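Overview (structure and organization)
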Amino acid sequence: MRHSHSVQTTAAAATTTQNPSISVTDWRYRSIYHRHRIQVIVLHDTEVPTAEGTVDVLNQRNLSVHYIAGVDGTIYYLVDETERAYHAGISSWGSHVGLNDASIGIEIVNTGVDIFPDVQVKAVAALCRKIIDRWNISPQDIVAHGDIAPSRKHDVSGWFNWTMFYSEVGLFPGLFVSNITTAQQQSILLSTSANSTVFDAKVQNLQQRLSDYGYVSAIDVNGYFDTKTEFVVEAFNRHFCPEFFVKEGLNSSTGDYIPHPENRRWYGISEERLTYLLENTVRDLCAQC
């Protein structure tokens, strides 16, 4: 009997330890160093003429995006904002490497060589305003796919109306107001033709400032106007210098985008815009954040 009682007691003890009680005290307010996963908004253009076709292509390529903005301004919500979507690929911005982990992706229906309708641009801006408010995203962290992967991507294309977009969102109010003459705006300050093989302290300074704004991993601060610098300059001009950026077109024979070397030069207007951006943003480059 003693033996039997001992076995029953042991069994009972084993059963109770399988579901222990737990007491949780909420100390989240005491943890200072944390932030939301979402830090960046990435804008794309689909290169596919319809929202339905975009979904099909994404699924076929094992890709995804949080939102699609239709030509008529309709917003399609595909992936929860808290979930990781696969839209950015190999990419970097500021302290972030691999933007899928830190961003919300928005595909804008456009072939890449067409004007974006105003209603569509305004819808994207309204959506971004809500996302900015939800996640407290900084103005400099609203970027194009071409900004986070300048050597391999060129969307959203130069046809996207960034001037209207920023006005609708209510960010960078003086960005597209120039205080220099048209001749000064068009003046070429730096380019590959003069600086690709010769060290230039001015180029090094430009590279450092572009890195400070966000193009950290995409550019080498070496003083040479090299290929990586060309790609970053082109991405910057596409985003911030619409007055002089030569819009994308397609080669009728191959269907490939036609590159324009003049987009890869640093102009007076480029310098004015970068100066404004650096003066009106605060960049957190904490590598551990």
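Everything below is about the structure shown above.
None of these values were measured; they are calculated from a predicted model.

Examining the sheet that holds strand β6 (residues 103-108)
The five strands are arranged β3-β2-β6-β1-β7 in an open sheet whose pairing can be described as mixed. Edge positions in the open sheet fall to β3 (75-77) and β7 (142-144), since each of these has one partner strand only. Put simply, the sheet's adjacent strands are angled 25 degrees from each other on average, direction ignored. Two strands pair when backbone bridges link them, and strand β1 (residues 40-45) and β6 are joined in this way by six bridges, in the parallel orientation. The residue of β6 that forms the bridge with Val42 is Gly105. The strands that helix α3 (residues 118-135) touches are β1, β2 (67-69), β3, β6 and β7; relative to β6, the one it contacts most, it runs at about 170 degrees.

A word on the packing of aromatic side chains
Taken as a whole and judged by the stated rule, the model has 16 aromatic pairs. Aromatic side chains Tyr67 and Tyr77 sit 4.6 Å apart centroid to centroid with 10 degrees between the ring planes, which places their arrangement in the stacked category. With Tyr67 in strand β2 and Tyr77 in strand β3, this pair connects stretches of sequence that are ten residues apart. Ring geometry for Trp162 and Phe165: centres 5.5 Å apart, planes at 85 degrees, overall edge-to-face.

Comments concerning unusual backbone geometry
Following Asp155, the chain continues into Val156 via a peptide bond in cis, with omega recorded as 0 degrees. Here Val156 shows up in the loop between α4 (145-148) and α5 (162-169). Of note in the backbone geometry, Asn62 takes a positive phi value of approximately 60 degrees without being a glycine. As for its position among the elements, Asn62 is in the loop between α2 (51-60) and β2.

A few points about the environment of Val143
Note that Val143 resides in strand β7. We classify Val143 as buried; its relative accessible area is 1%. C-alpha separation for the pair Val143 and Gly214, spaced 71 residues apart in sequence, amounts to 9.7 Å. Aside from chain neighbours lying at most four places away, what touches Val143 is Val40, Ile41, Val42, Leu43, Trp93, Ile148, Trp162 and His239.

Examining the side chain of His260
Position of His260 relative to the elements: it lies in the loop between α9 (227-240) and β9 (266-267). Taking relative accessible area as the criterion, His260 reaches 19% and is therefore assigned buried. Here the side chain of His260 touches Lys247 through a polar contact of 3.5 Å, landing on its backbone oxygen. When near neighbours in sequence (up to four residues on either side) are disregarded, His260 contacts Val246 and Lys247.

With respect to the packing of α3 against α5
One way to put it is that α3 packs onto α5 with a least axis distance of 9 Å and a crossing angle of 40 degrees. The angle between α3 and α5 places the two elements in the oblique class. As for the relative orientation of α3 and α5, their crossing is right-handed in sense. On α5, the residues that touch Asp118, Val121, Lys122, Val124, Ala125, Cys128, Arg129 and Ile132 of α3 are Met164, Phe165, Glu168 and Val169. Taken together, the residues that form the contact of α3 with α5 break down as eight nonpolar, no polar and four charged.

Conventions used here
Each chain has its residues counted from 1, running along the sequence as written. Note on the predicted model: pLDDT of at least 70 is required for a residue's local features to be given, and 80 or more for side-chain atom pairs to be given and counted; whole-chain, interface and lining totals, by contrast, use all residues. Side-chain measures were taken over the full set of non-hydrogen atoms in the model, leaving aside hydrogen atoms and water. Two strands qualify as a pair provided DSSP detects at least 2 bridges between them. Put simply, DSSP marks the helices as runs of H or I at least four residues long and the strands as runs of E at least two long, and each gets a number from the N terminus on. Axis definition: a line fitted to C-alpha atoms, over the contacting stretch in the case of helices. Angles run 0 to 180 degrees between N-to-C directions. In what follows, residue pairs with any heavy atoms lying within 4.5 Å of each other are defined as contacts. Within 6.5 Å between ring centres, the rings of Phe, Tyr and Trp (the latter by its six-membered ring) count as paired, and their orientation is classed by plane angle as stacked under 30 degrees, edge-to-face over 60, tilted in between. Exposure classes here rest on a 1.4 Å probe applied to the protein chains alone. A residue is buried below 20% of its type maximum, exposed above 50%, and partly exposed in between. Two N or O atoms count as a polar contact when they lie within 3.5 Å, although within protein this holds only if one can serve as hydrogen donor and the other as acceptor, and sequence-adjacent residues are included solely when both atoms are side-chain atoms. Should an angle lie under 35 degrees it is considered roughly parallel, over 145 roughly antiparallel, and from 65 to 115 roughly perpendicular; all remaining angles are considered oblique. In a left-handed crossing the near helix is turned counterclockwise from the far helix by less than a right angle, and in a right-handed crossing that turn is clockwise. We call Asp, Glu, Lys and Arg charged. Ala, Val, Leu, Ile, Met, Phe, Trp, Tyr, Cys and Pro are nonpolar, and the rest, Gly among them, are polar.

Just distances and angles here, no functional claims.
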